[in-house]
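# Summary of the model geometry
Chain by chain, the residues:
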Amino acid sequence: DGSSGSGAQSVRKSVPVITTQDQPRHVYDSDGSSGSGTQSHFIVWMYPFPPPNIEINDDWGVPSGDQILICPYKTACHGKGSTINLAALTKDTLYNSYILDHPYQKFRHMKEFCHHIQVIAMISLLLKNDGVCVQTLGGDNWFCSADSFSDYNPYDNGGQSWSASAESSGESDLSISKFPYQLLSLSHKGSSQVLSLAPDMTREEFATYGPWNVSTDVRPGGRYNSGEDIQSLAGVGWYPFLSSVRIKEDPLNNYSGYYIANSLQSPSMKMPYLEEAKERRSLMEKLDIVSMFFPGADMIQGNGKFLREYTNEVYPFGCRSTLTCATLKAHKIRSYFSSCLTLTSTYQGSVLYHDGSSPSLNGLPLLNPALVNFTSAVKKAKEEKDLVLLVDVVDRSVLPPLPSNARWLSANIPEGYPRSCQPQSERIDYCYRLLSQYANHAKVVITSRIHVGLPAAAMGTPVIFVSKGGWLPGGKEKTGRVAGLLDIFHRIDKSKNLTLGFDLSGPIPPNPGNHEADRRRASFWHRLKRVSYYEDAARIFGRIPFQRLGAGMVQGDFHNNFHFVMNQTDLSDWRSRRTIARQSSSFIPTQKF
């Protein structure tokens, strides 16, 4: 059988068979099979870039016979091969949490995230299918057993959130995880040629924003607001991987990669208007301004030339606030209200050890996903979801009586929690801890912060938003930071006579704006799927189709199928096209995005 005879590892050496027979592109189901009979050989390529050892062009063919090519990124194999849903494939395996919480893992492993995804796909195919073999595209080994990879643990961090090298260079130490290098190495190469099958991960960049280190003078009271990093995580969730972290006020300076702009910006933000038209258009094509807020016209005055060309030739400006849209409209810049990208947050999350002795403490350890009881612990927590979480509530006097299972948390990261919060690794770890509690422990979240409420609502958790005379934790509400966003939540605002119609002891009604949230989420998908990297990544990690938040709020006799009869002139307007796309992708529950 061509076995290498190297211990328990079952490996078959063979020359890759590449023929000219084309193969329809389809999605593999949860057990890794195509649904048309058992396939015995999977050739796997989970990278967004072409393999280094095979030249791929329009005439390139895919394997035939019992060899099935899995290549979910169209940019890697010219659309040849099949895509795969890793969230479904890895279900009930050690790796499922890594896939479902991929934004967090992308921060942890940066460019090496794709190496983990490649081997997780290969090992999971072996675990879910008897009698199959897997091979990396371009390799010369067939691996037919997962037994020799049982020590591989992508969660192993050597006792810290990221390795020291990750903090400085954006890369982690793969060896800490007992990484199965043999899956990504040619057999005739020496041990020094590890990852010889992997592509150059610098051929394209995907960046977010946020300082690697936060100086103490920008953290009032020695704290740092995690809302910035929550927004960064929302953008990273759409990327194949994360390559760098840019300065928020000048993210495009000397940068030519992909960038999702979803942030609160100061007037000092710079958008470079490059002299070379081709370079300028390339930069604009890779930029998605999907959810941005700025308080006044100063930023337009400094970037007007860039914004007008961008919105006229690439895509309208996505506003996080209705105030931003009004400002842009006054300056005749195309825009639309998109809400906040954190509405697309999806996490399985972990669970916390909590003995009840310190209900206000957010320094509790997370359960290790590598433990055998992790899946059952998460399932049990989701079934119970009995905690009332209060996060930075500005007016406690208006709250209804709190039950004994209430826990006070803060979106502000304490200076010494659990170590220094200056490195971004510690801040992202704190964010993941908060998001895990929203997903798995909270029956309701009570807050005065939108970047607590929006991701919690995105994961189906009811949210009560509390205002106090126009003041929020981040300052005066009249600045417009939350304009258009609060209708999603239950609300308490004494100045506007907004009160609850229920108490906290019983079941909590779903968020009243869930249908609106569904429409906003569909709109984000409609825009971001124009970039094939984002579309393919969303399908790989099981983000699409979105969970329909308002599904349980539709009456049985509600008519939710719509037909549009329009002529070509009607479709010439971009607003009409966007409205149709949003309605059709959010109201037809059986539609696959």
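Residues numbered from 1 in each chain as written. Predicted model: local features only at pLDDT ≥ 70, side-chain atom pairs only at ≥ 80, totals over all residues. Heavy atoms only, no water.

## Observations concerning the overall build of the protein
- Secondary structure summary: the protein contains 16 helices and 22 strands in total.
- Looking at the 593 residues of the protein, the share that counts as buried comes to 57%.
- Sequence separation of 24 or more characterises 72% of the internal contacts of the protein that already satisfy a separation of 6 or more.
- Of the roughly 24,100 Å² of accessible surface on the protein, 50% is carried by carbon and sulfur atoms. (Helix = DSSP H or I, 4+ residues; strand = E, 2+ residues; numbered from the N terminus. Buried < 20%, exposed > 50% of the residue type's maximum accessible area, 1.4 Å probe, protein only. Contact = heavy atoms within 4.5 Å. Areas by Shrake-Rupley, 256 points an atom, 1.4 Å probe, with all protein chains shown as cover.)

## Looking at the environment of Pro-240
- Mapping Pro-240 onto the fold places it in the loop between α7 (227-236) and β10 (244-246).
- When the C-alpha atoms of Pro-240 and Pro-48 are compared, they prove to be 6.9 Å apart, with 192 residues separating the residues in sequence.
- In this structure, Pro-240 is in contact with Pro-48, Tyr-73, Lys-106, Phe-113, Cys-114, Phe-206, Tyr-533 and Ala-537, ignoring residues within four places of it in sequence.

## Overview of the sheet that holds strand β22 (residues 490-493)
- Spatially, the five strands line up as an open sheet ordered β16-β15-β18-β19-β22, and their pairing is parallel. A strand with exactly one partner marks an edge of an open sheet, and here the two such strands are β16 (406-409) and β22. Across the sheet, the axes of successive neighbouring strands diverge by a mean angle of 20 degrees, strand direction being ignored.
- Pairing of strand β19 (residues 463-467) with β22 involves four bridges; the strand directions are parallel. Paired with Val-466 across the strands is Ile-492, a residue of β22. (Pairing = 2+ DSSP bridges. Axes fitted to C-alpha atoms, helices over the stretch in contact; angles between N-to-C directions.)

## Thoughts on the packing of aromatic side chains
- What the rule picks out here adds up to 24 aromatic pairs.
- Seen in terms of ring centroids, Trp-45 and Tyr-47 are 4.8 Å apart; in terms of plane orientation they differ by 50 degrees. Their pairing is tilted. As far as the burial class goes, Trp-45 and Tyr-47 line up, both buried.
- Here the aromatic residues Phe-49, Phe-206, Tyr-239, Phe-241, Tyr-258, Tyr-533 and Tyr-534 are joined through ring pairs into a cluster of three or more.
- In this arrangement the basic side chain of Arg-396 is found over the ring face of Trp-408, its NZ or CZ atom lying 3.8 Å from the centre. (Phe/Tyr/Trp six-rings, centres within 6.5 Å; stacked < 30°, edge-to-face > 60°. Lys NZ or Arg CZ within 6 Å of the ring centre and 35° of its normal.)

## Some points on the side chain of Arg-280
- Here Arg-280 is to be found in helix α8 (residues 277-285).
- For Arg-280, the side chain forms a polar contact with the main-chain oxygen of Glu-275, separated by 3.5 Å.
- Not counting the four nearest positions on each side in its chain, Arg-280 is found in contact with Tyr-273, Leu-274, Glu-275 and Glu-309. (Polar contact = N/O pair within 3.5 Å; in protein donor to acceptor, adjacent residues only side chain to side chain.)

## Considering the environment of Pro-251
- Mapping Pro-251 onto the fold places it in the loop between β10 and β11 (258-264).
- The class of Pro-251 is buried, set by a relative accessible area of 0%.
- A C-alpha to C-alpha distance of 6.9 Å links Pro-251 and Tyr-209, two positions 42 residues apart in sequence.

## Here we look at unusual backbone geometry
- Residue Pro-545 is bonded to the preceding Ile-544 through a cis peptide linkage, with omega at 0 degrees.
- The topology assignment puts Pro-545 in the loop between α15 (532-540) and α16 (574-587).
- Although it is not a glycine, His-78 adopts a positive phi angle of roughly 55 degrees.
- Here His-78 is to be found in the loop between α1 (74-77) and β5 (83-84).

## Quick notes on the pattern of salt bridges
- Using the criterion set out here, one finds 17 salt bridges in the structure.
- A salt bridge links Arg-281 to Glu-313; the shortest N-O distance between them is 3.0 Å. In this pair, Arg-281 sits in helix α8 while Glu-313 sits in helix α9 (residues 298-313), placing the two residues 32 residues apart along the sequence.
- Here Arg-281 falls in the partly exposed class, since its relative accessible area comes to 31%.
- With its nearest N and O atoms 2.6 Å apart, the salt bridge here joins Lys-380 to Glu-384. Residue Lys-380 and its partner Glu-384 are both found in helix α11 (residues 374-384); the two are separated by four residues, about one turn of the helix. (Salt bridge = Lys/Arg side-chain N within 4 Å of Asp/Glu carboxyl O.)

## So, the nonpolar core
- Counting 144 residues, the largest nonpolar core has Met-46, Leu-86, Ile-289, Tyr-438, Val-445 and Tyr-534 as its most contacted members.
- Per element, the largest residue contribution to this core is 10 residues, and it comes from helix α5 (residues 113-128).
- Those residues in contact with Tyr-438, other than ones at most four positions away along the chain, are Lys-385, Leu-389, Val-391, Val-445, Val-452, Ala-456, Met-459 and Thr-461.
- Val-388, Val-444, Ile-464 and Ile-508 belong to the second-largest nonpolar core, a separate cluster that totals 14 residues. (Core = buried A, V, L, I, M, F, W, Y, C linked by side-chain atoms within 4.5 Å.)

## Topic: the environment of Leu-328
- Relative to the elements of secondary structure, Leu-328 occurs in helix α10 (residues 322-330).
- Other than its neighbours up to four places away in sequence, Leu-328 contacts Phe-294, Ile-300, Phe-317, Cys-319, Ile-333 and Ser-335.

## Considerations on the side chain of Ser-321
- Tracing the sequence through the fold places Ser-321 in the loop between β13 (317-319) and α10.
- Residue contacts for Ser-321: discarding those within four places in its chain leaves Met-292, Phe-293, Phe-337, Gly-480, Arg-481 and Ala-483.

## Focus: the state of the cysteines
- Using the criterion set out here, one finds two disulfides in the structure.
- Disulfide partner of Cys-71: Cys-77, at an S-S distance of 2.1 Å. Between Cys-71 and Cys-77 the disulfide shows an S-S torsion of about 90 degrees. By sign, it is right-handed. Grouping residues by exposure puts Cys-71 and Cys-77 together as buried.
- What pairs with Cys-133 in a disulfide is Cys-144, and their sulfur atoms sit 2.0 Å apart. Between Cys-133 and Cys-144, the S-S dihedral sits near 105 degrees, and the bridge is therefore right-handed. (Disulfide = S-S within 2.5 Å.)

## Some details on the pairing of β11
- Where burial is concerned, most of β11 is hidden: six out of the seven residues are buried.
- As paired strands, strand β8 (residues 206-209) and β11 are joined by two bridges and run parallel to one another. When the sheet's bridge partners are listed, Phe-206 is paired in β11 with Tyr-258.
- Summarising the sheet, β11 and strand β12 (residues 287-293) pair through six bridges and their orientation is parallel. Looking at the pairing, Ala-261 lines up with Ile-289 of β12.
- In this fold, β11 hands off to α8, which returns the chain to β12; that crossover is right-handed. (Right-handed = clockwise from strand over helix to strand, strands pointing away.)

## Some words on α15
- Taking burial as the measure, the nine residues of α15 include seven buried ones, the bulk of the element.
- Here α15 has its buried residues at Tyr-533, Tyr-534, Glu-535, Asp-536, Ala-537, Ala-538 and Ile-540.
- Just downstream of α15 lies Gly-542, where phi reads positive at about 70 degrees.

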